[in-house]
2 protein chains.
Amino acid sequence: MQTFNATHTSRIPTAIALRGTANMPQRPQPAASGVRRTFGRGEEIFAEGERCSVFFKVVSGTVRTGKLLADGRRQIDTFHFPGDVFGLESGETHRFTAEAVDKVVVIAYRRSNFSGLVQNDPAFGEQLMISMLSSLDRAHDHMVLLGRKSAVEKMATFLLEIAARRANGDRAELPMQRTDIADHLGLTIETVSRTLTQMVRDGLIRLADAGRTVILEDKAGLRLLCA
Amino acid sequence: MQTFNATHTSRIPTAIALRGTANMPQRPQPAASGVRRTFGRGEEIFAEGERCSVFFKVVSGTVRTGKLLADGRRQIDTFHFPGDVFGLESGETHRFTAEAVDKVVVIAYRRSNFSGLVQNDPAFGEQLMISMLSSLDRAHDHMVLLGRKSAVEKMATFLLEIAARRANGDRAELPMQRTDIADHLGLTIETVSRTLTQMVRDGLIRLADAGRTVILEDKAGLRLLCA
DNA sequence: CGTCTAGTTGATGCTTCTCAATCGAAGTGG
DNA sequence: CCACTTCGATTGAGAAGCATCAACTAGACG
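Quantities reported herein were computed from a predicted structural model and do not represent experimental measurements.

*Asks:* Explain the overall build of chain A to me, and be specific about the residues and the numbers.
*Replies:* A count of helices and strands for chain A gives six helices and 11 strands. When the 227 residues of chain A are sorted by exposure, 56% land in the buried category. Residue pairs in contact within chain A that sit at least 24 positions apart in sequence constitute 71% of those at least 6 positions apart. Total accessible area computed for chain A in this model is approximately 9,800 Å², and 50% of it derives from carbon and sulfur atoms.

*Asks:* Now, about the sheet that holds strand β10 (residues 205-208) of chain B: what can you tell me, with residues and values included?
*Replies:* Residues and elements named next belong to chain B. Strand order in the open sheet formed by three strands is β9-β11-β10, with antiparallel pairing between adjacent strands. Of all strands in the sheet, those with a lone pairing partner are β9 (171-173) and β10, marking the two edges. The mean inter-strand angle of the sheet, taken between neighbouring strand axes irrespective of direction, is 20°. One ladder, built from three bridges, connects β9 with strand β11 (residues 213-216); its direction is antiparallel. Looking at the pairing, R171 lines up with I215 of β11.

*Asks:* Break down the packing of helix α3 (residues 151-165) of chain B against helix α4 (residues 178-185) of chain B for me, citing the residues and quoting the values.
*Replies:* Residues and elements named next belong to chain B. Contact geometry for α3 and α4: axes closest at 11 Å, N-to-C directions at 110°. As summarised for this structure, α3 and α4 are arranged roughly perpendicular, according to the angle between their axes. The two elements α3 and α4 meet at a crossing, and its hand is right-handed. Of α4, the residues touching α3 (which contributes K154, M155 and F158) are I181, H184 and L185. Of the residues that constitute the contact of α3 with α4, the class distribution is four nonpolar, one polar and one charged.

*Asks:* Outline the protein's contact with DNA strand C, supporting the account with residue identities and numerical values.
*Replies:* Surrounding DNA strand C, one finds 16 residues, the nearest of these being A151 and T191 of chain A together with S193, R194 and T197 of chain B. Within 4 Å of the protein, atoms of DNA strand C come from sugar and phosphate in 62% of cases. At 2.9 Å, a side-chain N or O of E190 of chain A approaches a base nitrogen of DNA strand C. Residue assignment for the surface near DNA strand C shows that the elements contributing at least two residues are α5 (189-201) of chain A together with α5 (189-201) of chain B. Here the surface near DNA strand C takes four residues from α5 of chain B, the largest share from any one element.

*Asks:* Please provide a residue-by-residue account of the packing of aromatic side chains, values included.
*Replies:* Applying the stated criterion across every chain, the model contains 12 aromatic pairs over all chains. Ring plane angle 20° and centroid distance 5.9 Å describe the contact between F46 of chain B and F56 of chain B, whose orientation is recorded as stacked. A residue pair is termed long-range when its members are at least 10 positions apart, and F46 of chain B in strand β2 (residues 44-46) and F56 of chain B in strand β3 (residues 54-60) qualify at 10 residues. In this structure F46 of chain B comes out as buried when scored by relative accessible area, which is 2%. By relative accessible area, which is 3% here, F56 of chain B ends up buried. Each member of the aromatic cluster is reached from another via a ring pair, and the members are F46, F56, F86 and F96 of chain A.

*Asks:* Residues and numbers for the pairing of strand β4 (residues 63-68) of chain A, please.
*Replies:* Residues and elements named next belong to chain A. β4 sits mainly inside the fold: five of its six residues count as buried. With six bridges connecting them, β4 and strand β5 (residues 74-80) associate as antiparallel partners. In the sheet register, V63 faces β5, and the bridge partner there is H80. Linkage of β4 to β5, two consecutive antiparallel strands, is achieved through a turn of five residues, within which G72 is found at a positive phi near 100°. Relative to strand β7 (residues 97-100), β4 runs antiparallel, the two sharing four bridges.

*Asks:* Can you tell me about the interface of chain A and chain B, naming the residues and giving the values?
*Replies:* Taken together, the 44 residues of chain A in the interface contact 44 residues of chain B. Taken over both partners, the interface formed by chain A and chain B buries close to 4,200 Å², and the fraction arising from carbon and sulfur atoms is 67%. For the chain A face of the interface with chain B, the top three residues by lost area are M129, M143 and R148 of chain A, together amounting to 19%. Connecting chain A to chain B are eight salt bridges. A salt bridge links D137 of chain B to R95 of chain A; the nearest nitrogen and oxygen atoms lie 2.0 Å apart. Going through the elements one at a time, β5, α1 (114-120), α2 (122-148) and α4 (178-185) of chain A are the ones with two or more residues in the side of chain A that touches chain B. Of the residues forming the side of chain A that touches chain B, the biggest block, 21 residues, is contributed by α2 of chain A. The class makeup of the residues in the side of chain A that touches chain B is 19 nonpolar, 12 polar and 13 charged.

*Asks:* Can you explain the protein's contact with DNA strand D? Please cite residues and give values.
*Replies:* Taken together, 18 residues lie around DNA strand D, and R194 and T197 of chain A together with A151, T191 and R194 of chain B are the ones closest in. For DNA strand D, the fraction of protein-proximal atoms (within 4 Å) that sit in sugar or phosphate groups is 65%. A distance of 3.2 Å separates a phosphate oxygen of DNA strand D from a polar atom in the side chain of T197 of chain A. The separation between a phosphate oxygen of DNA strand D and a polar side-chain atom of T188 of chain B is 3.1 Å. Ranked by residues supplied to the surface near DNA strand D, first place goes to α5 of chain A with four residues. Partitioning the surface near DNA strand D into residue classes produces three nonpolar, eight polar and seven charged.

*Asks:* Can you explain unusual backbone geometry? Please cite residues and give values.
*Replies:* Residue and element names in this part refer to chain A. A positive phi is found at A210, a non-glycine position, where the angle reads about 55°. Turning to its location among the elements, A210 is positioned in the loop between β10 (205-208) and β11 (213-216). The exposure class assigned to A210 is exposed, which follows from its relative accessible area of 82%.

Quick notes on the rules
- Residues numbered from 1 in each chain as written.
- Chains lettered and ligands numbered in written order.
- Predicted model: local features only at pLDDT ≥ 70, side-chain atom pairs only at ≥ 80, totals over all residues.
- Heavy atoms only, no water.
- Helix = DSSP H or I, 4+ residues; strand = E, 2+ residues; numbered from the N terminus.
- Buried < 20%, exposed > 50% of the residue type's maximum accessible area, 1.4 Å probe, protein only.
- Contact = heavy atoms within 4.5 Å.
- Areas by Shrake-Rupley, 256 points an atom, 1.4 Å probe, with all protein chains shown as cover.
- Pairing = 2+ DSSP bridges.
- Axes fitted to C-alpha atoms, helices over the stretch in contact; angles between N-to-C directions.
- Parallel < 35°, antiparallel > 145°, perpendicular 65-115°, else oblique.
- Left-handed = near helix turned anticlockwise from the far one by under 90°.
- Nonpolar A, V, L, I, M, F, W, Y, C, P; charged D, E, K, R; others polar.
- Near = heavy atom within 4 Å.
- Polar contact = N/O pair within 3.5 Å; in protein donor to acceptor, adjacent residues only side chain to side chain.
- Phe/Tyr/Trp six-rings, centres within 6.5 Å; stacked < 30°, edge-to-face > 60°.
- Buried area = accessible area lost by both parts, 1.4 Å probe.
- Salt bridge = Lys/Arg side-chain N within 4 Å of Asp/Glu carboxyl O.

Structural measurements only, silent on function.
If you want it as structure tokens, here you go:
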């Protein structure tokens, strides 16, 4: 329930603290204060190919970013939780789509060009860089998952990651629906479902809240399954 | 056969031109001139978990970067060709392994902290940032491939990408072996081989140079297969 | 000329997908 | 307040794609 403002502390490396971008003499501030916006469940925040003039930081809710193939197949790169920044691009257009998983509040920051940004506030530039490298890092981990892990291994990895990112120790709250999980892990919705019920049978997890919360009964066992 | 030097022109967005980092008054130059190093086929350039004090730029040859699971399964993130930069990290240790695919010449640049680097040469910092965003971009594309594409679609995408990156229009020269391709595309070596021979039967490609060169006979057809 | 490594090809099986039915929870309207 | 609809999730049966295991081929090298 963090609906206050943008200086919300960030828990994961991708998040960028936007403090310290305040004092710049000549140019206008690139991303100091932003505009608050709200999106309903399933609403599109921006689409692949769209021109990008702003980037976003999640205040509350969950955002999914990903790509679509021509025939409708979908790959969800990441889920963004409160504190996370998304929508930064190297070019003039967005290379992926962002949608609200549930009710989402974001802050939109004006995106000036990087030269200006970095020149005016090198520390901010460095933070962006580190954030980018962390994203790249996680992208690489996800590639291992997509390319080389089995369904069970994918699910185990996902559950532990969600639990860790949202700092709820031994439970993973899943605001996204099964379809989203499937498209994130490179599986079908049926396999996601089957894998979860099998994990319940094996005593690894317990489902609550109509399947929206996964209680990690045996974290050690899950960790073994991550490969 | 480009074995001359580091100012070799880069063809793909990830590449960073390191010119223009020459004049800085107070601090020592962060990454202006580097040390030339050579690696033999299969040799390790750095390993996952190793401390990283330098990052690299390919002068000639091909480098593969990737990760290993405990049981030996491997995922190759990317192949790096002349002009490409690799080995930049946000933390103190390398998060992936880099190995020489064939005989490789690289230049190693001292890695100072980013603040210093960016402050001393904002333009260089911006270039690094753009390079990073491009890598992220390609990582996302590769996730779609790994998570949602079939074997044929993966091969077609790969061949076209290699041909485009190495700027050899209608032929893809493959310095890496089948195992590397398999571990890059999330397939087995057998499936890679079978897919290629099937493509030959379908008149899409032709193999030359003992299978090391793939001539793209029907680029339009291949493009259709990319999905 | 034998050995070694990389690649190809074949037969078989397993994991995951596909198609389809069912279930359950959350509305919605009579 | 209760059928009715709807949407998401689960479960089942069968199919398919790719992996696995194994044999074989072709260069490369001493």
